[in-house]
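# Results of the structural survey
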Amino acid sequence: MNGVLLYAIQEDIVNFSKPKVDYLKLAEYCASQIDKHMSLPVSLITNTSYTSKKFDKIINVNLHSRQTKKIAGQQIVWLNFDRCKCWDLTPYKNTLVMDTDFIIKNSSLCSVFDSGKDLLINKSYTDVNSRKDKTVERLAEHGIDMYWATVFYFNKNPKTKIFFNLVEHIQNNWSYYRMLYSIGNRKFRNDFAFSIAIHMLNGYTTSDWPCPLPDPLVSSFDNDTVFDLDIVQGDFLTSTRGLNTHIMNKVALTELLHD
Amino acid sequence: MDTKLKTALEQSEYMRTFQNQKHLLKEKFKKDCIVYYNGGMFVIDLKFINSIKNPVTDIILDTNDIPVKINNMQDFYETMVNKFRFATESYYDAYVELCKYKDAKGLLT
């Protein structure tokens, strides 16, 4: 069976205050876009007691660790530690995992389920303003290639199990691997852990495994302004109409979806 | 501001936005040309289509030089042609739509 898996891990809402990044709201919108363009069942992994009929299944996990991140000048809680468990948690044999800030606007990712591949993930990204940022092309200046865990596809088989086990091992020993791969940023990022795991499984070399997704990772960044879901401003205004788009400014995205 | 300079700057803004939107369309086209078939990954272009029109063998090397056995060559050929047609026509339609607008604001609507 095919399906999409989303994550909405967030801290409990205190005193009914709106979180700066409302992952549940983002997940709801993401699920409605998937339903509209891809007609696939969507499951949600969350640490909250949330219920909704928008999801095929809601899978509860415990919050065990936390870190923060600065987005658009605001410090937000960033809980990204359970991505490596998606192999065990997914209810589907073939799973497309995506961030909730990835806005689906077409059906091109449907073809991953007919690919016959065990893992598909993008190595390159397309900036909305064609900007070149070398720091997101490699893990370090002379480091290995960076893969983007924003969206990826996998099917359940022994090889992908090994892969996700390795990602978990890297996460559990992040200080060591961060030093080994000369990563300046102390924060754990799934993109980094996935890139390291791919490098290790390829025998510490670069190879053609895994293949890219059949969709460009059109991406805007943390400080970009989001006017609506189709218009983003980095250096200048850009329309992303009809293109699946990764909007990293989750704070602006949350505000937009709450309005 | 001088009118001539204002017009020039508007044109400059239009060109930058146009080039950027075209770049996004091209990236979409490139990804639309990726096809997975029998466990192989194929990036389609006219050269590839011509090479599979009259194949010498039923083993085709994919983009990563992995040999892939094609059981039904006719189906493979038609899949590739249809995918390439879809990708090219989508690119063309989007490009024509883009060219309709002569100012940066129009390109973003």
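Position labels on residues start from 1 in each chain and follow its written sequence. Naming scheme: in the order in which they are written, chains are lettered from A and ligands are numbered from 1. Owing to the predicted nature of the model, reporting of local features is limited to residues with pLDDT of at least 70; listing and counting of side-chain atom pairs is limited to 80 or more, with chain, interface and lining totals taken over all residues. To get the side-chain values, all heavy atoms of the structure are used, and hydrogens and water are removed first.

### Section: the overall build of chain A
Definition in use: Secondary structure follows DSSP: runs of H or I at least 4 residues long count as helices, runs of E at least 2 residues long count as strands, and numbering of each begins at the N terminus. What the globule rule says is 2.2 Å times the number of residues to the power 0.38, and the radius of gyration is computed from C-alpha atoms. The buried label goes to any residue with under 20% of its type's maximum accessible area, the exposed label to any with over 50%, and the partly exposed label to all in between, with areas taken from a 1.4 Å probe on protein chains only. For this analysis, residues touch if any pair of their heavy atoms sits within 4.5 Å. In this tally, Lys and Arg are treated as positive and Asp and Glu as negative; His is ignored, and so are the chain termini. A single reference atom marks each charge: NZ on Lys, CZ on Arg, CG on Asp, CD on Glu.
Of the regular secondary structure elements, chain A holds six helices and 15 strands. For 259 residues, the compact-globule formula gives about 18 Å, and the C-alpha radius of gyration of chain A, at 17 Å, lands near that figure. With the C-alpha coordinates of chain A rotated into their principal frame, the extents come out at 50 × 40 × 35 Å. For chain A, the residues scored as buried account for 59% of the 259 residues in total. Here the contacts in chain A between residues at least 6 apart in sequence split such that 73% fall between residues at least 24 apart. Mean positive and mean negative side-chain charge positions of chain A (29 and 28 charges, respectively) differ by 3 Å.

### Things to note about the overall build of chain B
Short version of the rule: Every accessible area reported is derived by Shrake-Rupley at a probe size of 1.4 Å, with residue values counting cover from the shown protein chains alone.
When you go through chain B residue by residue, the secondary structure sums to four helices and four strands. Put simply, chain B runs from its N terminus to its C terminus through helices and strands in the order α-β-β-α-β-β-α-α. Against the globule reference of 13 Å for 109 residues, chain B gives a C-alpha radius of gyration of 20 Å, more extended than a compact globule. Taken along the three principal axes of its C-alpha coordinates, chain B extends 65 × 20 × 20 Å. Across the 109 residues of chain B, 36% fall into the buried class. Residue pairs in contact within chain B that sit at least 24 positions apart in sequence constitute 61% of those at least 6 positions apart. When the accessible surface of chain B is totalled, it reaches about 6,900 Å², and 56% of it is carbon and sulfur. Computed over 16 positive and 15 negative side-chain charges, the separation of the two mean positions in chain B equals 4 Å.

### Considerations on the pattern of salt bridges
Any two side chains of opposite charge can pair, on the condition that their charged atoms come close. Residue and element names in this part refer to chain A. Convention followed: In what follows, salt bridge is the name for a side-chain nitrogen of Lys or Arg lying within 4 Å of a carboxyl oxygen of Asp or Glu.
Under the defined criterion, the tally for this structure stands at 15 salt bridges over all chains. Put simply, K123 and D145 hold a salt bridge, and the shortest N to O gap is 3.2 Å. Of this pair, K123 sits in the loop between strand 8 (119–122) and strand 9 (126–127) while D145 sits in the loop between strand 9 and strand 10 (148–155), placing them 22 residues apart in sequence. A single network of salt bridges, built from pairs that share partners, joins K123, R138 and D145.

### Quick look at the nonpolar core
Where a protein is soluble and globular, its nonpolar side chains tend to be buried together. Here is the rule: Here, nonpolar core means buried Ala, Val, Leu, Ile, Met, Phe, Trp, Tyr and Cys residues that are tied together by side-chain atoms lying within 4.5 Å of each other.
Counting residues in hydrophobic clusters, the biggest one holds 88 residues, and the most contacted among them are L6(A), I34(A), L96(A), M98(A), F152(A) and I196(A). The contacts of I196(A), once residues within four sequence positions are left out, are L139(A), I144(A), I170(A), W174(A), Y177(A), Y181(A) and I183(A).

### Overview of empty space enclosed by the protein
Residues and elements named next belong to chain A. Here is the rule: Only protein atoms enter the calculation, which uses a 1 Å grid: trapped sets of points that fit a 1.4 Å probe without letting it out are cavities, open sets showing protein on both sides within 12 Å along at least five of seven lines are pockets, and any residue with an atom within 4 Å of a point is a lining residue. Grid points are joined across faces, edges and corners, and a volume is the space filled by probe spheres set on the points. Three classes are used: nonpolar for Ala, Val, Leu, Ile, Met, Phe, Trp, Tyr, Cys and Pro, charged for Asp, Glu, Lys and Arg, and polar for all others, with Gly counted as polar.
A complete count under the given rule lists one cavity of 30 Å³ or more for this structure. A volume near 30 Å³ is recorded for the largest cavity. Together, I9, N62, L63, H64, S65, L79, N80, F81 and D82 line the largest cavity. Looking at side-chain class alone, the lining of the largest cavity contains four nonpolar, four polar and one charged residues.

### A word on the interface of chain B and chain A
To keep things clear, this is the line we draw: As a working definition, buried area equals the accessible area (1.4 Å probe) given up by two parts on being put together, with both sides summed. For the purposes of these results, a polar contact is taken to be a pair of N or O atoms within 3.5 Å, where, inside protein, one atom must be able to donate a hydrogen and its partner to accept one; residues adjacent in sequence count only when each atom of the pair is a side-chain atom.
Tallying the contact residues gives 20 residues for chain B and 29 residues for chain A. Around 2,100 Å² of area is buried between chain B and chain A when both sides are counted, 59% of it from carbon and sulfur atoms. Between the two partners, chain B and chain A, sit zero salt bridges. Between chain B and chain A we count nine residue pairs in polar contact (both at pLDDT 80 or more) in total. Secondary-structure elements contributing two or more residues to the side of chain B that touches chain A are helix 1 (3–32), strand 1 (34–37) and strand 2 (40–43) of chain B. Here the element with the most residues in the side of chain B that touches chain A is helix 1 of chain B; it accounts for 10 residues.

### Here we look at the packing of aromatic side chains
Note the cut-off: Stacked, tilted and edge-to-face are the three classes assigned to paired rings of Phe, Tyr and Trp, where Trp is represented by its six-membered ring and a pair needs centres within 6.5 Å; plane angles under 30 degrees give stacked, over 60 edge-to-face, the rest tilted. Look at NZ for Lys and CZ for Arg. If either is within 6 Å of the ring centre and within 35 degrees of the ring normal, a charge sits over the ring.
In total, this model carries 23 aromatic pairs over all chains according to the counting rule given. Aromatic pair F113(A) and Y153(A): ring centres 5.6 Å apart, planes at 90°, arrangement edge-to-face. Highlighted residues: F113(A) in the loop between strand 7 (102–103) and strand 8 and Y153(A) in strand 10, separated in sequence by 40 residues. With respect to burial, F113(A) and Y153(A) carry one shared label: buried. Between Y37(B) and F76(B), the aromatic rings sit 4.9 Å apart at their centres with planes inclined by 70°, giving edge-to-face as the arrangement. With Y37(B) in strand 1 and F76(B) in helix 3 (residues 73–99), this pair connects stretches of sequence that are 39 residues apart. Neither residue differs from the other here; Y37(B) and F76(B) are each classed as buried. The cationic tip of K156(A) hangs over the ring face of W87(A); the distance from NZ or CZ to the ring centre is 4.9 Å. Sitting over the face of the ring of F192(A), R189(A) holds its NZ or CZ atom 4.8 Å from the ring centroid.

### Focus on the pairing of strand 5 (residues 74–78) of chain A
Residue and element names in this part refer to chain A. Defined as follows: Strands qualify as paired when DSSP identifies two bridges or more between them.
Here five bridges tie strand 4 (residues 67–71) to strand 5, and the two strands are oriented antiparallel to one another. Paired with K70 across the bridge in strand 5 is Q75. In sequence, strand 4 turns back onto strand 5 through a hairpin of two residues, with A72 there showing a positive phi of about 50°.

### Quick word on the pairing of strand 2 of chain B
Every regular strand shows the same layout, with side chains that alternate between the two sheet faces. All names here are of chain B. As judged from the four bridges shared by strand 1 and strand 2, these two strands associate in the antiparallel manner. Bridge assignment links V35 to a residue of strand 2, and that residue is F42. Linking two consecutive strands that pair antiparallel, namely strand 1 and strand 2, is a turn of two residues; a positive phi of about 50° is found at N38 within it.

### A closer look at the confidence of the model for chain A
We apply this condition: Each residue carries a pLDDT score, the predictor's own confidence in it, on a scale running from 0 to 100.
Here chain A averages 90 in pLDDT, and 98% of its residues register 70 or above. Taken element by element, chain A is modelled with least confidence in strand 5 of chain A, mean pLDDT 75, and with most confidence in strand 6 (residues 94–98) of chain A, mean pLDDT 97.

### Regarding the packing of helix 1 of chain B against helix 3 of chain B
Residues and elements named next belong to chain B. The following threshold applies: Note on geometry: axes are lines fitted to C-alpha atoms, helical ones only across the stretch in contact, with angles between N-to-C directions running from 0 to 180 degrees. Here roughly perpendicular refers to angles of 65 to 115 degrees, roughly parallel to angles under 35, roughly antiparallel to angles over 145, and oblique to all remaining angles.
At a closest axis distance of 9 Å, the pairing of helix 1 and helix 3 adopts a crossing angle of 170°. Between helix 1 and helix 3, the angle is such that the two are roughly antiparallel. Contact residues: F18, Q21, K22, L25, K26, F29 and D32 in helix 1; K83, F84, F86, A87, T88, Y91, A94, Y95, L98 and C99 in helix 3. Tallied by class, the residues present in the contact of helix 1 with helix 3 amount to 11 nonpolar, two polar and four charged.

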